[in-house]
Amino acid sequence: MRFVLRILKALALLLVLVVIAAAGWLFIRPPELLRVGDGYAAKIVCSNVFIAGRAAQDVLHDDVQAPGNPLLRLVRVSVDRDNDRVTARFMGLFAPSYALYRGAFGCTSVPDGNFEAAANAAPFDPPAKMQANDGLWPEGEGIDNPADGKIAALLADAGVAGPAMRAIVVVRNGRIVAEAYGPGFSAKTPLIGWSMTKTVNAAVLGRLMLGGKISFDDDNLLAQWKNDTRARIKVSDLLGMESGLAFNEDYGDVADVTRMLYLDPDMVSLPANAPMEAAPGQRFRYSSGTAVLLSRIWMDRVGNAQAAFSYPHDALFSPLGMTSAVFELDARGTFAGSSYLYATAHDWARFGQFLLQDGVWNGQRLLPEGFVGAMRTPTAASNGRYTQGQAWLAPGGSSAAFGLPEDTFWLTGHDGQSMAIVPSANLIVVRLGLTPSRLDYQPQVLLKAILAALPQPRGPQQQAGSQRQTQPQP
């Protein structure tokens, strides 16, 4: 009996020592996967608390833990409103990561804990806050007509709208004809676009093209590429995701994309130092790093740091009346053009209407002729799936396979964000939510149902009149 007790005591002591050793290891050298998870939690909670006004624990549970890696269920967060910070720790103890709110520029991940550097990277002179008005959408927030009953019924069908839908807005002939929101969300809730941000970032670059400060054919884009083969990469190669730069976009583990977003305070560093794996223009590789490089390139071309920080607001959001738009920066002051734009569904739809109108707004051309055409033109290297302008023709499956119009093109983002633009139907469908790809929801189902429910054109003259009202010429 004494021998058994000794064995049990020894095992208990061994267990205690193992727990202490594991805790020490987690405290001193936490695995990168835990740091990524905590970084993700801190950033998402920060943005949703300070931009969207949501409760921290709701965001942690609904946005971070429920759809993500099971380890995320052990993450705990705390919000320091006095210092505009969010801290996330695994089990409330290990691998701490941080996010900082910087007003008009939203939140940034601060993986190195250097809050001073992160605060100083954002300008002290943010763009002035725009106020929404009561005019009719898109000029204001007003809706003039009752919702289309057939389309409203479709949006109420969970099988069509998809799991965990948060917002759907349908725009036809330049007016909102139906909208729907998930529980706890409304037309006033700013929502993340994830990779839909890439297309907005491309449009910001397009505004610079209109002023002649950059072109599709520009090369020698970064000083550090000057003396190697990367100097041959053109702006057009980056826009079409055909730069030839290696980049791992696998979200299942610690990959280039998660390392860039949650472990590196300077998001430009990783993609800018990536090796070439193919000649420019020869291979399609979807890369969030590419979009961040485009951000850095257009910011450098603006010519003045303060002007660059204000440029998305001054050149795009203000003219379009996107009053809710918050384009977030990394911790060293580069716009996170891959992922982090928050805006209401109404404002996302405004951007869609802008593209539908070929980059013209209120009679003024804001994008060069042909720029939106590049967003609708497939690249050969992507086998017709991706376009020359950071947009999709066939996200997750061909639009043609669903019987959709040939001119349909898409903005898409992580967890089920999508915007379909159908010029031939004068139609935009924005769908935002929290719908992981494992659920196999395809937004083509929603678009096809809406197209089938639309009233048929009444006649060539009336249809032409509608086009004149919603697509003004420069």
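Refer to the structure above for everything that follows.
Bear in mind that the values here come from a model prediction, so they are computed numbers and not experimental data.

Right, let's talk about the sheet that holds strand E12 (residues 409-413) for a bit. Pairing in this open sheet of five strands is antiparallel, and the strands run E6-E5-E14-E13-E12 from one edge to the other. In this open sheet, the two edge strands, each paired with only one partner strand, are strand E6 (175-181) and E12. Each strand axis lies, on average, 5 degrees off the axis of its neighbour in the sheet, ignoring direction. Across seven bridges, strand E5 (residues 165-172) lies against strand E14 (residues 427-433) in antiparallel orientation. What sits directly across from Ile-168, in E14, is Arg-431.

It is worth spelling out the nonpolar core at this point. If you look at the biggest cluster of nonpolar residues, it comprises 109 residues, and the most contacted ones within it are Trp-298, Leu-316, Phe-317, Trp-348, Phe-351, Phe-354 and Leu-355. In contact with Leu-316, other than residues within four places in its own chain, are Val-200, Ala-203, Val-204, Tyr-311, Phe-351 and Phe-354. Val-160, Ile-168, Trp-410 and Leu-427 belong to the second-largest nonpolar core, a separate cluster that totals 30 residues.

For the rest of this paragraph, the subject is the state of the cysteines. One pass over the structure, following the stated rule, counts one disulfide. One disulfide bridge connects Cys-46 with Cys-107, the sulfur atoms lying 2.1 Å from each other. Note on the Cys-46 and Cys-107 pair: the S-S dihedral is about -75 degrees, so by sign convention the disulfide is left-handed. Here Cys-46, found in helix H2 (residues 32-50), pairs with Cys-107, found in strand E4 (residues 107-109); they are 61 residues apart in sequence, far enough to count as distant. Since its relative accessible area comes to 0%, Cys-46 is described here as buried.

A separate point is the pattern of salt bridges. If you walk through the whole model with that rule in mind, you get 14 salt bridges. Across the salt bridge formed by Arg-54 and Asp-63, the nearest N and O atoms sit 2.9 Å from each other. Close ionic contact of Arg-285 with Glu-277 constitutes a salt bridge, the shortest N to O distance being 2.3 Å. Under the relative-accessibility criterion, Glu-277 is labelled partly exposed at 28%. Within this structure, Arg-54, Asp-63 and Arg-166 form a network of salt bridges that share partners.

Here the focus is the sheet that holds strand E8 (residues 326-327). Reading across from one edge, E7-E9-E8 is the order of the three strands in this open sheet, with antiparallel pairing throughout. Edge positions in the sheet fall to strand E7 (191-192) and E8, since each has one partner strand and no second. Its contacts with the sheet place helix H13 (residues 345-356) against E7 and strand E9 (341-343), and it is angled at close to 110 degrees to E9.

Between helix H7 (residues 196-210) and H13, the least distance of the axes is 12 Å, while the angle of their chain directions is 50 degrees. Considering their axes alone, H7 and H13 lie oblique with respect to each other. Note on packing geometry: the crossing formed by H7 with H13 is left-handed. Contacts between H7 and H13 involve Met-196, Thr-197, Thr-199, Val-200 and Ala-203 from the former and Trp-348, Phe-351 and Leu-355 from the latter. Looking at the contact of H7 with H13 residue by residue, the classes come out as six nonpolar, two polar and no charged.

Now for the packing of aromatic side chains. Overall, the coordinates contain 17 aromatic pairs when judged by the stated rule. Measuring from ring centre to ring centre gives 5.7 Å for Trp-194 and Tyr-340, while their planes differ by 50 degrees; the resulting arrangement is tilted. Of this pair, Trp-194 sits in the loop between E7 and H7 while Tyr-340 sits in the loop between E8 and E9, and the two are 146 residues apart along the sequence. For Tyr-340, a relative accessible area of 2% corresponds to the buried category. Ring geometry for Tyr-386 and Trp-392: centres 4.8 Å apart, planes at 85 degrees, overall edge-to-face. The same class applies to Tyr-386 and to Trp-392, which are both buried. Taken together, Phe-105, Trp-298, Phe-309, Tyr-311, Phe-327 and Phe-335 form an aromatic cluster joined through their ring pairs. When the ring centre of Tyr-340 is taken as origin, the NZ or CZ atom of Lys-43, which lies over that ring, is 3.8 Å away. A cation over an aromatic ring shows up here: Arg-85 above the ring of Phe-115, its NZ or CZ 3.8 Å from the ring centre.

The next subject is the pairing of E5. Along a regular strand, successive side chains alternate from one face of the sheet to the other. Within E5, eight of the eight residues are buried, which leaves the element mostly enclosed by the surrounding structure. Bridge analysis of E5 against E6 gives six bridges, and the strand direction is antiparallel. Within E6, the position partnered with Val-169 by the bridge is Glu-179. Here E5 folds back onto E6 in antiparallel fashion, the turn holding two residues, of which Asn-173 has a positive phi close to 55 degrees.

Conventions used here
- Residues numbered from 1 in each chain as written.
- Predicted model: local features only at pLDDT ≥ 70, side-chain atom pairs only at ≥ 80, totals over all residues.
- Heavy atoms only, no water.
- Pairing = 2+ DSSP bridges.
- Helix = DSSP H or I, 4+ residues; strand = E, 2+ residues; numbered from the N terminus.
- Axes fitted to C-alpha atoms, helices over the stretch in contact; angles between N-to-C directions.
- Core = buried A, V, L, I, M, F, W, Y, C linked by side-chain atoms within 4.5 Å.
- Buried < 20%, exposed > 50% of the residue type's maximum accessible area, 1.4 Å probe, protein only.
- Contact = heavy atoms within 4.5 Å.
- Disulfide = S-S within 2.5 Å.
- Salt bridge = Lys/Arg side-chain N within 4 Å of Asp/Glu carboxyl O.
- Parallel < 35°, antiparallel > 145°, perpendicular 65-115°, else oblique.
- Left-handed = near helix turned anticlockwise from the far one by under 90°.
- Nonpolar A, V, L, I, M, F, W, Y, C, P; charged D, E, K, R; others polar.
- Phe/Tyr/Trp six-rings, centres within 6.5 Å; stacked < 30°, edge-to-face > 60°.
- Lys NZ or Arg CZ within 6 Å of the ring centre and 35° of its normal.

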